[in-house]
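Results of the structural survey
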Amino acid sequence: MKLKKFNREDSKKEHEFFQNNDAYENGFVNDYKDVSYGDFLTHAIPERLDAEKGINLKEGYVPDIYYFLLDDEEQIVGVYKLRLRLNDFLRNGPGHVGYMIDKDHRHRGYGKKGLALLIELIKKEDLIKEDELYFETHNDNVFSMRTILANGGYIHHRNGKFTYLRIKLR
(Lines give C-alpha, C1' and ligand atoms only; values in the text may rest on other atoms or scores of the structure.)
Protein backbone atom coordinates (compact mmCIF):
# COMPACT_ATOMS: atom_id res chain seq x y z
CA MET A 1 0.00 0.00 0.00
CA LYS A 2 1.12 3.54 -0.65
CA LEU A 3 -0.05 7.13 -0.78
CA LYS A 4 0.21 9.12 -3.99
CA LYS A 5 -0.52 12.81 -4.45
CA PHE A 6 -3.34 13.97 -6.68
CA ASN A 7 -1.80 14.15 -10.18
CA ARG A 8 -2.54 14.41 -13.87
CA GLU A 9 -1.08 11.01 -14.81
CA ASP A 10 -3.69 9.10 -12.80
CA SER A 11 -6.61 11.37 -13.71
CA LYS A 12 -8.77 8.57 -15.11
CA LYS A 13 -8.48 6.48 -11.92
CA GLU A 14 -8.92 9.54 -9.71
CA HIS A 15 -12.05 10.60 -11.59
CA GLU A 16 -13.51 7.07 -11.37
CA PHE A 17 -12.87 7.01 -7.62
CA PHE A 18 -14.80 10.24 -7.08
CA GLN A 19 -17.67 9.06 -9.29
CA ASN A 20 -17.91 5.76 -7.39
CA ASN A 21 -18.46 7.51 -4.06
CA ASP A 22 -21.10 9.80 -2.59
CA ALA A 23 -20.92 13.60 -2.70
CA TYR A 24 -21.03 13.75 1.11
CA GLU A 25 -20.44 11.04 3.61
CA ASN A 26 -19.52 11.21 7.30
CA GLY A 27 -18.21 14.74 6.92
CA PHE A 28 -16.10 14.21 3.80
CA VAL A 29 -17.20 16.44 0.92
CA ASN A 30 -16.56 14.88 -2.48
CA ASP A 31 -16.56 18.04 -4.63
CA TYR A 32 -15.92 16.02 -7.78
CA LYS A 33 -18.94 13.73 -7.73
CA ASP A 34 -20.95 14.09 -10.96
CA VAL A 35 -18.22 16.18 -12.60
CA SER A 36 -17.58 15.14 -16.20
CA TYR A 37 -14.15 13.79 -17.04
CA GLY A 38 -13.55 16.80 -19.29
CA ASP A 39 -14.33 19.23 -16.47
CA PHE A 40 -12.25 17.13 -14.11
CA LEU A 41 -9.24 17.57 -16.42
CA THR A 42 -9.73 21.27 -17.11
CA HIS A 43 -11.02 22.48 -13.73
CA ALA A 44 -10.62 19.98 -10.88
CA ILE A 45 -7.00 19.00 -11.46
CA PRO A 46 -5.73 22.59 -11.79
CA GLU A 47 -7.84 23.56 -8.75
CA ARG A 48 -6.32 20.76 -6.63
CA LEU A 49 -2.76 21.51 -7.75
CA ASP A 50 -3.27 25.22 -6.98
CA ALA A 51 -4.78 24.42 -3.56
CA GLU A 52 -1.58 22.67 -2.54
CA LYS A 53 0.34 25.86 -3.27
CA GLY A 54 -2.25 28.11 -1.64
CA ILE A 55 -3.22 29.67 -4.99
CA ASN A 56 -6.79 30.80 -5.79
CA LEU A 57 -8.20 29.58 -2.49
CA LYS A 58 -11.78 30.39 -1.57
CA GLU A 59 -12.29 32.71 1.40
CA GLY A 60 -11.54 30.87 4.64
CA TYR A 61 -9.75 27.95 2.96
CA VAL A 62 -6.15 26.89 3.64
CA PRO A 63 -3.62 25.05 1.45
CA ASP A 64 -4.31 21.32 1.31
CA ILE A 65 -3.12 18.20 -0.47
CA TYR A 66 -5.14 15.19 -1.58
CA TYR A 67 -3.33 11.86 -1.20
CA PHE A 68 -4.82 8.76 -2.76
CA LEU A 69 -4.39 5.41 -1.03
CA LEU A 70 -3.41 2.73 -3.53
CA ASP A 71 -3.52 -0.98 -2.86
CA ASP A 72 -0.82 -3.39 -4.05
CA GLU A 73 -2.44 -3.53 -7.52
CA GLU A 74 -2.28 0.30 -7.78
CA GLN A 75 -6.07 0.58 -7.45
CA ILE A 76 -7.31 3.67 -5.58
CA VAL A 77 -9.06 2.53 -2.41
CA GLY A 78 -9.20 5.83 -0.51
CA VAL A 79 -8.38 9.52 -0.40
CA TYR A 80 -6.98 11.69 2.40
CA LYS A 81 -7.29 15.45 2.42
CA LEU A 82 -4.50 17.00 4.45
CA ARG A 83 -4.89 20.66 5.38
CA LEU A 84 -1.40 22.07 5.77
CA ARG A 85 -2.34 24.56 8.45
CA LEU A 86 -5.30 25.45 10.61
CA ASN A 87 -7.40 28.57 10.86
CA ASP A 88 -9.84 29.16 13.74
CA PHE A 89 -12.67 27.35 11.96
CA LEU A 90 -10.57 24.24 11.27
CA ARG A 91 -8.95 24.28 14.73
CA ASN A 92 -12.40 24.19 16.31
CA GLY A 93 -13.95 21.96 13.66
CA PRO A 94 -12.82 19.64 10.88
CA GLY A 95 -9.11 19.81 11.70
CA HIS A 96 -6.21 18.75 9.51
CA VAL A 97 -7.44 15.50 7.98
CA GLY A 98 -10.53 14.35 6.17
CA TYR A 99 -10.66 11.00 4.45
CA MET A 100 -12.91 8.64 2.56
CA ILE A 101 -12.42 4.96 1.82
CA ASP A 102 -14.01 3.71 -1.38
CA LYS A 103 -17.42 2.24 -0.59
CA ASP A 104 -16.41 -1.08 -2.20
CA HIS A 105 -13.29 -1.35 0.00
CA ARG A 106 -14.53 -0.49 3.48
CA HIS A 107 -14.08 -2.56 6.64
CA ARG A 108 -10.82 -4.09 5.43
CA GLY A 109 -8.39 -1.96 7.44
CA TYR A 110 -7.55 0.45 4.61
CA GLY A 111 -8.48 3.54 6.64
CA LYS A 112 -6.16 2.54 9.47
CA LYS A 113 -3.26 1.64 7.14
CA GLY A 114 -3.71 4.78 5.06
CA LEU A 115 -3.77 7.04 8.10
CA ALA A 116 -0.59 5.38 9.41
CA LEU A 117 1.09 6.09 6.06
CA LEU A 118 -0.13 9.69 6.14
CA ILE A 119 1.21 10.24 9.67
CA GLU A 120 4.57 8.79 8.62
CA LEU A 121 4.66 11.12 5.60
CA ILE A 122 3.70 14.17 7.68
CA LYS A 123 6.53 13.47 10.11
CA LYS A 124 9.09 12.66 7.40
CA GLU A 125 8.35 15.76 5.33
CA ASP A 126 7.47 18.02 8.30
CA LEU A 127 4.21 19.00 6.60
CA ILE A 128 2.36 20.19 9.71
CA LYS A 129 3.70 22.82 12.07
CA GLU A 130 1.31 22.01 14.93
CA ASP A 131 2.40 19.39 17.47
CA GLU A 132 -0.80 17.43 16.92
CA LEU A 133 -3.08 16.42 14.07
CA TYR A 134 -6.69 17.56 14.63
CA PHE A 135 -9.72 15.46 13.64
CA GLU A 136 -13.50 15.76 13.85
CA THR A 137 -15.90 12.83 13.50
CA HIS A 138 -19.63 12.49 13.87
CA ASN A 139 -20.40 10.93 17.25
CA ASP A 140 -21.91 7.88 15.56
CA ASN A 141 -18.95 7.29 13.23
CA VAL A 142 -17.29 4.62 15.34
CA PHE A 143 -15.19 3.33 12.42
CA SER A 144 -13.38 6.65 11.99
CA MET A 145 -12.92 6.98 15.73
CA ARG A 146 -11.41 3.49 15.90
CA THR A 147 -9.13 4.31 12.96
CA ILE A 148 -7.81 7.46 14.63
CA LEU A 149 -7.47 5.83 18.05
CA ALA A 150 -5.63 2.85 16.52
CA ASN A 151 -3.07 5.31 15.12
CA GLY A 152 -2.23 6.79 18.51
CA GLY A 153 -5.12 9.21 18.74
CA TYR A 154 -7.01 10.30 21.79
CA ILE A 155 -10.39 11.91 22.35
CA HIS A 156 -9.87 15.60 23.08
CA HIS A 157 -13.52 16.51 23.65
CA ARG A 158 -17.09 15.95 22.46
CA ASN A 159 -20.20 17.98 21.91
CA GLY A 160 -23.74 16.98 20.97
CA LYS A 161 -22.85 16.11 17.38
CA PHE A 162 -19.08 15.63 17.05
CA THR A 163 -16.10 13.97 18.69
CA TYR A 164 -12.79 15.83 18.40
CA LEU A 165 -9.65 13.74 18.38
CA ARG A 166 -5.92 14.45 18.25
CA ILE A 167 -2.80 12.51 17.33
CA LYS A 168 0.50 13.69 18.78
CA LEU A 169 3.18 14.26 16.12
CA ARG A 170 6.01 15.33 18.42
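Here the structure is shown first, and the text comes after it.
Only a predicted model underlies this, so the values are computations on that prediction, with no experimental measurement involved.

Before going further, it helps to spend a moment on helix α1 (residues 11-20). For α1, the full list of buried residues reads S11, E14, H15, F17 and F18. All buried residues of α1 lie within an arc of 155° about the axis, which places them on one face of the element. Close packing links the buried residues of α1 with β1 (2-5), α2 (37-53), β4 (64-70), β5 (76-83) and β6 (97-101).

Moving on, we get to unusual backbone geometry. Unlike most non-glycine residues, N56 shows phi in positive territory, near 55°. Position of N56 among the secondary structure elements: in the loop between α2 and β4. Taking relative accessible area as the criterion, N56 reaches 69% and is therefore assigned exposed. Positioned with a positive phi, H107 is a non-glycine residue whose angle comes to about 65°. You can see H107 is positioned in the loop between β6 and α4 (110-125). By relative accessible area, which is 63% here, H107 ends up exposed.

Bringing the nonpolar core into the picture now. By size, the foremost hydrophobic cluster in this structure holds 26 residues, and its most contacted members are Y80, L82, L118 and L133. Mapped onto this core, the elements with two or more residues apiece are β4, β5, β6, α4, β7 (132-138), α5 (142-150) and β9 (162-168). With 6 residues, α4 is the largest single contributor of residues to this core. Not counting residues up to four positions away in its chain, the partners in contact with L133 are L82, H96, V97, I119, I122, I128, L165, R166, I167 and L169. By size, the runner-up hydrophobic cluster in this structure holds 14 residues, among which are F6, F17, A44 and V79.

The next point concerns empty space enclosed by the protein. Applying the stated rule across the entire model yields 2 cavities of 30 Å³ or more. Taken as a whole, the largest cavity encloses approximately 40 Å³ of empty space. If you list the elements that add at least two residues to the lining of the largest cavity, you get α2 and β4. Among the residues forming the lining of the largest cavity, the class breakdown is 4 nonpolar, no polar and 3 charged. As for the second largest cavity, its lining consists of K4, K5, N7, D10, E14, F68, L70 and I76.

What follows covers α4. Taking 1.5 Å of rise per residue, the 16 residues of α4 would be expected to cover 22 Å, and the 22 Å separating its terminal C-alpha atoms lies within 8% of that figure. When α4 is considered as a whole, its buried residues turn out to be Y110, G111, G114, L115, L118, I119, L121 and I122. Down the axis of α4, the sector holding all buried residues measures 165°, keeping them to one side. Away from the buried face of α4 by more than 90 degrees, exposed residues E120 and K124 are located. D126 sits one or two positions beyond α4 and adopts a positive phi of about 50°.

Quick notes on the rules
- Residues numbered from 1 in each chain as written.
- Predicted model: local features only at pLDDT ≥ 70, side-chain atom pairs only at ≥ 80, totals over all residues.
- Heavy atoms only, no water.
- Buried < 20%, exposed > 50% of the residue type's maximum accessible area, 1.4 Å probe, protein only.
- Helix = DSSP H or I, 4+ residues; strand = E, 2+ residues; numbered from the N terminus.
- Arc of directions from axis to C-beta.
- Contact = heavy atoms within 4.5 Å.
- Core = buried A, V, L, I, M, F, W, Y, C linked by side-chain atoms within 4.5 Å.
- 1 Å grid on protein atoms, 1.4 Å probe; cavity = no way out; pocket = protein on both sides within 12 Å on 5 of 7 lines; lining within 4 Å.
- Points joined across faces, edges and corners; volume = space filled by probe spheres on them.
- Nonpolar A, V, L, I, M, F, W, Y, C, P; charged D, E, K, R; others polar.
- Expected span 1.5 Å × (residues − 1).

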